[in-house]
Amino acid sequence: MSISSADGRSAIFNLIGAGQIFGEIALLDGLPRTADATANTNCEILVIDRREFLPFVRSQPALAMKFIELLCTRLRWTSDQVEQVILQNLPGRLASALLRLTEKTCAGA
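Residues numbered from 1 in each chain as written. Predicted model: local features only at pLDDT ≥ 70, side-chain atom pairs only at ≥ 80, totals over all residues. Heavy atoms only, no water.

Trainee: Before we move on, could you go through the pattern of salt bridges and cite the residues and values that matter?
Mentor: This structure, assessed with the given rule, holds five salt bridges. The shortest N-O distance in the salt bridge between Arg74 and Glu24 comes to 2.7 Å. Here Glu24 lies in helix H1 (residues 24-29) and Arg74 lies in helix H3 (residues 61-87), a separation of 50 residues in the sequence. With relative accessibility at 6%, the residue Glu24 sits in the buried group. (Salt bridge = Lys/Arg side-chain N within 4 Å of Asp/Glu carboxyl O. Helix = DSSP H or I, 4+ residues; strand = E, 2+ residues; numbered from the N terminus. Buried < 20%, exposed > 50% of the residue type's maximum accessible area, 1.4 Å probe, protein only.)

Written out as structure tokens, the structure reads:
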């Protein structure tokens, strides 16, 4: 998941693995997406239409709670990222990023 600036710079927000959800913000609020998704391997994706999803999720409180939990997890992750950018020096940010990548790699194995 990444964004690009008008001058061609880009920033990677997150790496999404097999079976993970993305695009939930635009699905839930109906506004334009907040980032771009770029696949680095062949993949299959499932697209859910908002007009069909919202009535379904309203009828399934447990599903609504799972989405709330997902959004809370992502908000905590984003808060951690902002904290690192503001409070850590470059070597500290690099070390944290490498640890996160290692954790993702080990969790996916």
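Here the narrative resumes.
Trainee: Could you give an account of the side chain of Ser2, naming the residues involved and the relevant values?
Mentor: Mapped onto the fold, Ser2 is located in strand S1 (residues 2-4). Once residues lying within four places of it in the same chain are set aside, the contact partners of Ser2 are Ala11, Ile12, Phe13, Ala35 and Asp36. (Contact = heavy atoms within 4.5 Å.)

Trainee: Break down the nonpolar core for me, citing the residues and quoting the values.
Mentor: In this structure, Leu27, Phe53, Leu54, Val57, Phe67 and Leu70 together form the largest nonpolar core, which totals six residues. Apart from the residues within four sequence positions on either side, Leu70 is in contact with Ile21 and Glu24. (Core = buried A, V, L, I, M, F, W, Y, C linked by side-chain atoms within 4.5 Å.)

Trainee: Provide a residue-level description of the environment of Asn42, including the pertinent values.
Mentor: Here Asn42 lies in the loop between H1 and helix H2 (50-58). Residues Asn42 and Ser2 lie 40 residues apart in sequence; the distance between their C-alpha atoms is 18 Å.

Trainee: So what's going on with the packing of aromatic side chains? Which residues, and what values?
Mentor: Under the criterion given, the structure shown has one aromatic pair. Measuring from ring centre to ring centre gives 5.2 Å for Phe53 and Phe67, while their planes differ by 65°; the resulting arrangement is edge-to-face. Within this pair, whereas Phe53 is found in helix H2, its partner Phe67 is found in helix H3, the two being separated by 14 residues in sequence. Comparing Phe53 with Phe67 shows no difference in burial state: the two are buried. (Phe/Tyr/Trp six-rings, centres within 6.5 Å; stacked < 30°, edge-to-face > 60°.)

Trainee: Can you explain the side chain of Glu24? Please cite residues and give values.
Mentor: A distance of 2.7 Å separates a polar atom in the side chain of Glu24 from a polar atom in the side chain of Arg74. Once residues within four sequence positions are removed from consideration, Glu24 is found in contact with Phe67, Leu70, Leu71 and Arg74. (Polar contact = N/O pair within 3.5 Å; in protein donor to acceptor, adjacent residues only side chain to side chain.)

Trainee: Talk me through the packing of H2 against H3; I want residue IDs and the actual numbers.
Mentor: Direction vectors running N to C along H2 and H3 enclose 110°, while the axes themselves pass 6 Å from each other. In terms of orientation, H2 lies roughly perpendicular with respect to H3. Contacts from Phe53, Phe56 and Val57 of H2 reach H3 at Pro61, Leu63, Ala64 and Phe67. Split by residue class, the contact of H2 with H3 holds seven nonpolar, no polar and no charged. (Axes fitted to C-alpha atoms, helices over the stretch in contact; angles between N-to-C directions. Parallel < 35°, antiparallel > 145°, perpendicular 65-115°, else oblique. Nonpolar A, V, L, I, M, F, W, Y, C, P; charged D, E, K, R; others polar.)

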